[in-house]
Amino acid sequence: MTKAIIFDVDGTLSETEETHRQAFNRAFKHQGFPWHWDRPTYRRLLLVTGGKERIRHFAEQDDAMRLLAPDFDEFVRELHRKKTSIYTSMIADGAASLRPGIRELILEAEDNGYRLAISTTTSTANVEALLLSALGREGIAKFEVICGGDSVENKKPAPDIYLLTLEQLGLRPEDCIAIEDSRNGLLSAHRAGIPTVVTPSIYTDDQNFDEAAWVVDDLSNVGLIELIENVRKSMAATRRTA
Ligand code: XBP
Ligand code: MG
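Residues numbered from 1 in each chain as written. Chains lettered and ligands numbered in written order. Predicted model: local features only at pLDDT ≥ 70, side-chain atom pairs only at ≥ 80, totals over all residues. Heavy atoms only, no water.

1. Let's talk about the layout of surface pockets
Here comes step 1: A volume near 480 Å³ is recorded for the largest pocket.
Here comes step 2: Surrounding the largest pocket, 38 residues form its lining, E17, G50, R54, T121 and T122 being those nearest its centre.
Here comes step 3: Those elements that place two or more of their residues in the lining of the largest pocket are α1 (17-30), α3 (51-62), α4 (72-92), α6 (124-135) and α8 (183-191).
Here comes step 4: In terms of residue count, α3 provides more of the lining of the largest pocket than any other element does, four residues in total.
Here comes step 5: Its residues assigned to classes, the lining of the largest pocket comprises five nonpolar, 20 polar and 13 charged.
Here comes step 6: Here the lining of the largest pocket spans two domains, since at least three of its residues come from each of domain 1 (4-15 + 98-241) and domain 2 (17-92).
Here comes step 7: Taken as a whole, the second largest pocket holds about 210 Å³ of empty space.
Here comes step 8: For the lining of the second largest pocket, the elements supplying multiple residues, two or more each, are β4 (176-180) and α9 (224-241). (1 Å grid on protein atoms, 1.4 Å probe; cavity = no way out; pocket = protein on both sides within 12 Å on 5 of 7 lines; lining within 4 Å. Points joined across faces, edges and corners; volume = space filled by probe spheres on them. Helix = DSSP H or I, 4+ residues; strand = E, 2+ residues; numbered from the N terminus. Nonpolar A, V, L, I, M, F, W, Y, C, P; charged D, E, K, R; others polar. Domains from an automatic or database assignment.)

As structure tokens, then:
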């Protein structure tokens, strides 16, 4: 029986990847760095989860000479710290709002005694900034468990972040439903054994979601009970064909 809903953040709670992209570009400019990630480039780079990993991947693919700098690792950490500072300020200034239907799902889960958690690759500071901005002072407290960023060695699509969330919730995967926007996130939750609903976002609408229990473009007219029932039916159908 479903006892908890585990939300991804970027692309799921909110279309924040566009804000991340702008924050990266402002950080590059602030550090006097000649990089600029346009939307098509960022769509490609989003296949690599984690901002620091994404910076390194871009250098390897598009600016390999940078890797030769003796302090490249420290450079990446400093650049990412600046980007996170810019990003959290943009979010605090209202740069992003919750996707349609997300607020209603969170409040309905809370009202009906379902436990809430977050499993994300983004930095915890970014999560708190978004929850504060979108849900007010009590926003963060609605989520019993928030697992993010560098709390695990292997980021999505590895299952680590969802396994950590299950451990902190003290629940079995079949007692939860994950809500994701990307293939990396779907694979992470699926590998942890968690039935997953995917709501594609502006940067993931071309990805494959075959492992999803349910794919829904717009959550604005989907109540929590309907979502849980759709997942239950999908899991029952999967068991019948197994
Ligand atoms: C999406 C990510 C993150 C963000 C950038 O996270 O892969 O890396 O793109 O945030 P989610 P950081 O699992 O919520 O979809 O720069 O803090 O990594
Ligand atoms: Mg996401």
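2. Digging into the sheet that holds strand β5 (residues 196-198)
Here comes step 1: Taken in spatial order, the six strands of this open sheet run β3-β2-β1-β4-β5-β6, and their pairing is parallel. The sheet is open, and its two borders are formed by β3 (145-147) and β6 (214-215), each paired with just one other strand.
Here comes step 2: In the sheet, strand β1 (residues 4-7) pairs with β4 via four bridges, with the strands oriented parallel. Looking at the pairing, F7 lines up with I179 of β4.
Here comes step 3: Each of β1, β4, β5 and β6 touches α9; the most contacted strand, β4, lies at about 105 degrees to it. (Pairing = 2+ DSSP bridges. Contact = heavy atoms within 4.5 Å. Axes fitted to C-alpha atoms, helices over the stretch in contact; angles between N-to-C directions.)

3. Considering the coordination of the magnesium ion (ligand 2)
A four-donor tetrahedral metal ideally has 109.5 degree angles, and a six-donor octahedral metal ideally has angles of 90 or 180 degrees.
Here comes step 1: Distances from the magnesium ion (ligand 2) to its protein donors, D8 (OD), D10 (O) and D181 (OD), fall within 2.1 to 2.3 Å.
Here comes step 2: In the primary sequence, the donor residues of the magnesium ion (ligand 2) line up as D-x1-D-x170-D. Separated by 171 residues along the polypeptide, D10 in the loop between β1 and α1 and D181 in the loop between β4 and α8 bring together distant segments of the chain. Here D10 and D181 have matching classes, each one buried. (Donors = N, O, S within 2.8 Å, 3.2 Å for Na, K, Ca; no water. Buried < 20%, exposed > 50% of the residue type's maximum accessible area, 1.4 Å probe, protein only.)

4. Describing the domain arrangement of the protein chain
Here comes step 1: What the domain assignment reports for the protein chain is domain 1 (4-15 + 98-241) and domain 2 (17-92).
Here comes step 2: When each unit is reduced to the centre of its C-alpha atoms, the spacing between domain 1 and domain 2 is 25 Å.
Here comes step 3: Facing 20 residues of domain 1, the contacting portion of domain 2 comprises 19 residues.
Here comes step 4: On the domain 1 side of the interface with domain 2, the three residues burying the most area are D10, N126 and Y203, jointly 40% of the side's total.
Here comes step 5: Here domain 1 is connected to domain 2 by four salt bridges.
Here comes step 6: The salt bridge partner of D205 is R43, with a shortest N-O separation of 3.1 Å.
Here comes step 7: At the boundary of domain 1 and domain 2, one finds twelve residue pairs in polar contact (both at pLDDT 80 or more).
Here comes step 8: Residue contributions to the side of domain 1 that touches domain 2 peak at five residues, all from α6.
Here comes step 9: Tallied by class, the residues present in the side of domain 1 that touches domain 2 amount to five nonpolar, eight polar and seven charged. (Buried area = accessible area lost by both parts, 1.4 Å probe. Salt bridge = Lys/Arg side-chain N within 4 Å of Asp/Glu carboxyl O. Polar contact = N/O pair within 3.5 Å; in protein donor to acceptor, adjacent residues only side chain to side chain.)

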